[in-house]
Number of protein chains: 2
Amino acid sequence: MNEPAISFRTTAEAGNARVGTLLTRRGEIETPVFMPVGTAGSVKGIRFEELENNDLDARIILSNTYHLWLRPGIETIRACGGLHRFTGWDRALLTDSGGFQVWSLGASRKISEEGTEFRSHVDGSLQFLSPEVSMEVQAALGSDIVMVFDECAPGNSPREEARQSMELTARWARRSRQRFDSLQEEDADTGKKPGQDLSGRQALFGIVQGASHLDLRRESLQRTMELNFDGYAIGGLSVGEEKKVMWDVVGEVAPLMPADRPRYLMGVGTPEDLVEAVAHGIDMFDCVLPTRNGRNGQAFTSRGRLNIKNAQWTKDARPLDEFCKCSVCGRHSRAYLRHLYLSGEMLASVLLTYHNLRFFLDTMRVVRQSIRSGEFPKFRREFTEQLAANGE
Amino acid sequence: MNEPAISFRTTAEAGNARVGTLLTRRGEIETPVFMPVGTAGSVKGIRFEELENNDLDARIILSNTYHLWLRPGIETIRACGGLHRFTGWDRALLTDSGGFQVWSLGASRKISEEGTEFRSHVDGSLQFLSPEVSMEVQAALGSDIVMVFDECAPGNSPREEARQSMELTARWARRSRQRFDSLQEEDADTGKKPGQDLSGRQALFGIVQGASHLDLRRESLQRTMELNFDGYAIGGLSVGEEKKVMWDVVGEVAPLMPADRPRYLMGVGTPEDLVEAVAHGIDMFDCVLPTRNGRNGQAFTSRGRLNIKNAQWTKDARPLDEFCKCSVCGRHSRAYLRHLYLSGEMLASVLLTYHNLRFFLDTMRVVRQSIRSGEFPKFRREFTEQLAANGE
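A.B. asks: Would you mind going over the sheet that holds strand 12 (residues 231-234) of chain A with me for this structure?
C.D. replies: By way of backbone hydrogen bonds, the strands of a sheet pair with one another, either parallel or antiparallel. Residues and elements named next belong to chain A. Pairing is parallel in the open sheet, where 8 strands are placed in the order 4-14-13-12-11-10-6-5. At either margin of the open sheet sits one strand with a lone partner, and together these are strand 4 (33-35) and strand 5 (60-63). Here the strands of the sheet are splayed against their neighbours by 25° on average, with no regard to which way each runs. Relative to strand 13 (residues 263-265), strand 12 is paired through 3 bridges, and the arrangement is parallel. Across the sheet, the residue bridging to A233 is Y264, located in strand 13.

Here it is, written out as structure tokens:
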């Protein structure tokens, strides 16, 4: 197999910011790209037809290994032919490793060299996740991009704790790589789909950890690169640390990441974070903000965030965002959306989530345009100023 | 004003069953027609774009006066230009009168000659609904078809109780008619939209009551027809009485209803009920079954009902209905839909509701076709046989 699992090439640059083409076995993705989160195999409240339409045109979504492993379980997903066939989503899928999800269970998990023991949120049963198990689950899911199983140290971890965690992550990355490679040989990947000069195999991304300690981050990157991954991610950010810590780490690590591989900043962030991270050379993002906040009544707009519950919108005939061309803004008023939300109508969540996804995805589209046209610095300045205009 | 508010003409017949064209100020509707229920100005979980697409193509939906009056309230809806503009739905809207909703509050309402006093389910405040108030609210909503304010006697009401209720309904119908007419003169209707040889005014439908007593039903129909309504409805059925009672009443009343006006059977029913009622000459239906049962995990299929929670679907790659051409059946398996439902994913409700609406709306389309082609008796027999095939 000489063909790679994915290919990436840069097509335009502006400082560290770049536009690229990420070719996966399930189609081409222009970067920088935002990946909507579809935890349990569904982007909450949004039909795939909507994700595929011109308004949203999401080329890749993220699903969570932890959730799908526990329910419906790997046996079911394998019997149904993998996650793409099981869900009916035929575009690209990235799965996380379950590492972060298990880490976020806090007190109820126990970490050892071997892996992590924890109790299932579904039925309370005792479960064990390790690099090998995570790779096996992700092969059964057949996702197009697989993430290594890592250990996440919080941004404010003391040096010694952060070092131990980073070293554990490095050892787990090696075990992930090994198990992943043998699973590809064994043809365990349910999503195999050759074509377009690609091997049709799954791609595997490494994850850089090290909390706020820049030397640990550099070491983590070095040790991760030694394993030769298809792409590289920065993990362990946007988990409660100060913003400054995040930008120090991203500013340090991103320029050192291989230029010929996609760079993925995990779990980030607000629209302003995305634009800032692009300026540092990041290509891929995922975040629950547009979906989760949409369900809670918060809209992201070009003029800042808007809480649909506020009484000031009671009779307001304006759309969520007067500059947005999405089908929600083209049709529905703040007054109606507020009414739906206060009446407990599920359509409120559906419509706010849709608009928010459109805002995130469209922001990435405009970012790519502005890099291509040489106007990224101008866009970056104006975008941030506008967001502050009516921010709540 | 010589032009009517709506026009109705029969275009094909099969026994008592008929196909008609109902022309409203918001477009043409082929009957028999099923009206999805959009209680609070939203068909729960379904975007208007979906109701308008070719899969569903719902030409008219029903909203509830009671709910919209209490929340967001008439002042808000009037300020937003009526219910069409408030919600963004530009096709036909029928509103019920609030009579049935208030009646179904049971012990917490007090009925007098003047109207009904009750406590709001939203904030517990004391409220009063009467024929005049109902007409005022429905004018502010600007619905295309307005229902008179009636009193509903349960199907098993004893004769004297049923008579008193029917007579109260008759007096309320007269008061509804009077207030409705004066509101049209006052231009209180927010939905006015002249054109296509129609006055652009709201249409008003009368309601026949009388519980299970056929002589009371005939008298109710007579007294209702004296008021010359744009259409006629049968109320007080599908409220817990035996099926036989419903068919006795429909069989007695429907053939006596004016042939040149649409006949509406309120709150009915299952797919088999709809086909049966069409055979009795009914033209219009509304029912919460496809939407409410969809949210509860029940699918209506051409082979009977299917409970998506059942373990037997765990790995079932078949669609909900193998004979259905809707976008849900074209894409998603029972296994996936079951997973979504058990995971508490709102998309389960969205997709089941969508499929169910398609089944109800498509059944009406096939009914119309079979009447036109002279094959309605055959269709009616086969449809009922098939529904029993896998019924749960």
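Still to come is the rest of the account.
A.B. asks: In this structure, what is going on with the nonpolar core? I would like to understand it.
C.D. replies: A general tendency of soluble globular proteins is for nonpolar side chains to be buried together. Counting 235 residues, the largest nonpolar core has L51 and Y264 of chain A together with L51, Y264 and F376 of chain B as the members making the most contacts within it. Residues within four places of Y264 of chain B in sequence aside, it is in contact with M35, L62, L94, M147, F205, Y232, A233, I234, M284, F285 and D286 of chain B.

A.B. asks: Is there a simple way to explain the interface of chain B and chain A in this structure?
C.D. replies: How big an interface is tends to be expressed through the accessible area that disappears when the partners come together. Counting residues at the interface gives 43 residues for chain B, matched by 43 residues for chain A. Taken over both partners, the interface formed by chain B and chain A buries close to 3,600 Å², and the fraction arising from carbon and sulfur atoms is 53%. Ranking the residues of chain B by area buried against chain A places R47, R331 and M346 of chain B at the top, with a combined share of 22%. Our count for the contact surface shared by chain B and chain A stands at 10 salt bridges. Between the two partners, chain B and chain A, sit 24 residue pairs in polar contact (both at pLDDT 80 or more). Elements with a contribution of two residues or more to the side of chain B that touches chain A: helix 1 (48-52), helix 2 (65-79), helix 3 (83-87), helix 11 (334-342) and helix 12 (346-372) of chain B. Among the residues making up the side of chain B that touches chain A, the classes are represented as 19 nonpolar, 13 polar and 11 charged.

A.B. asks: What is the right way to look at the packing of helix 8 (residues 243-253) of chain B against helix 9 (residues 271-279) of chain B in this model?
C.D. replies: The relative placement of two packed helices comes down to the angle between their axes together with the axis-to-axis distance. All names here are of chain B. In contact at an axis separation of 10 Å, helix 8 and helix 9 are set at 25° when each is read in the N-to-C sense. Of the possible angle classes, the one that applies to helix 8 and helix 9 is roughly parallel. Between helix 8 and helix 9 lies a crossing of right-handed hand. The segment helix 8 lies against helix 9, with K243, M246 and W247 engaging D273, E276 and A277. Of the residues contributing to the contact of helix 8 with helix 9, the split by class is 3 nonpolar, no polar and 3 charged.

A.B. asks: Looking at this structure, how should I read the relation of the copies chain B and chain A?
C.D. replies: Copy one and copy two of the chain differ by a rotation about a common axis and a shift along it. You can overlay chain B on chain A at an RMSD of 0.0 Å; the transform is a turn of 180° with a shift of 0.0 Å along its axis. The superposition of one copy onto the other is thereby described by a two-fold rotation axis. Mapped onto chain A, 100% of the interface residues of chain B are again interface residues, and the two copies thus contact each other with one and the same surface.

A.B. asks: What's the story with the packing of aromatic side chains in this structure? I'm lost.
C.D. replies: The full count for this structure, using the stated rule, is 24 aromatic pairs over all chains. Pairing W69 of chain A with F118 of chain A gives two aromatic rings, centres 6.0 Å apart and planes at 55°, and the pair type is tilted. Placement of W69 of chain A in helix 2 (residues 65-70) and of F118 of chain A in strand 8 (residues 116-119) is noted, with a sequence separation of 49 residues between them. Given a relative accessible area of 16%, W69 of chain A falls into the buried group. Here F118 of chain A falls in the buried class, since its relative accessible area comes to 1%. Every member of this aromatic cluster is reached through a ring pair, and the members are F48, F86 and W89 of chain A together with Y336 of chain B.

Analysis parameters
In every chain, residue numbers begin from 1 and rise along the written sequence. Labels follow written order: the first chain is A, the first ligand is 1, and so on. Side-chain atom pairs in this predicted model are given and counted only at pLDDT of 80 or more, local residue features only at pLDDT of at least 70, and totals for whole chains, interfaces and linings cover all residues. Only hydrogens and water are removed before side-chain values are computed, so all heavy atoms of the structure are retained for them. Each pair of strands is called paired provided DSSP finds at least two bridges between the two strands. Segments assigned H or I by DSSP are reported as helices when at least four residues long, segments assigned E as strands when at least two residues long, and all are numbered from the N terminus. Here the axes come from fitting lines to C-alpha atoms, over the contacting stretch only for helices, and the angles between their N-to-C directions go from 0 to 180 degrees. Here the nonpolar core consists of buried residues drawn from Ala, Val, Leu, Ile, Met, Phe, Trp, Tyr and Cys, with membership extended through side-chain atoms lying within 4.5 Å. Working definition: with a 1.4 Å probe on protein chains only, accessible area under 20% of the residue-type maximum means buried, over 50% means exposed, and in between means partly exposed. Between two residues, a contact is recorded if the distance between any of their heavy atoms is within 4.5 Å. When two parts are brought into contact, each loses some accessible area as probed by a 1.4 Å sphere; the total of that loss over both is the buried area. Take a side-chain nitrogen of Lys or Arg and a carboxyl oxygen of Asp or Glu: if they are within 4 Å of each other, that pair is a salt bridge. Polar contacts, as used here, are pairs of N or O atoms within 3.5 Å; protein pairs need one atom able to donate a hydrogen and one able to accept it. Residues neighboring in sequence count only if both atoms are side-chain atoms. Residues are grouped as follows: nonpolar covers Ala, Val, Leu, Ile, Met, Phe, Trp, Tyr, Cys and Pro; charged covers Asp, Glu, Lys and Arg; every other residue, Gly included, is treated as polar. Here the word oblique covers every angle except those under 35 degrees (roughly parallel), over 145 (roughly antiparallel) and from 65 to 115 (roughly perpendicular). Helix crossings are classified by the rotation of the near helix relative to the far one: an anticlockwise turn of less than a right angle makes the crossing left-handed, while a clockwise turn makes it right-handed. Alignment of the copies relies on least squares applied to C-alpha atoms, considering only residues that score at least 70 for pLDDT in both. Pairing of aromatic rings covers Phe, Tyr and Trp, the last counted by its six-membered ring, and requires centre-to-centre distances within 6.5 Å; plane angles under 30 degrees mean stacked, over 60 mean edge-to-face, and any other angle means tilted.

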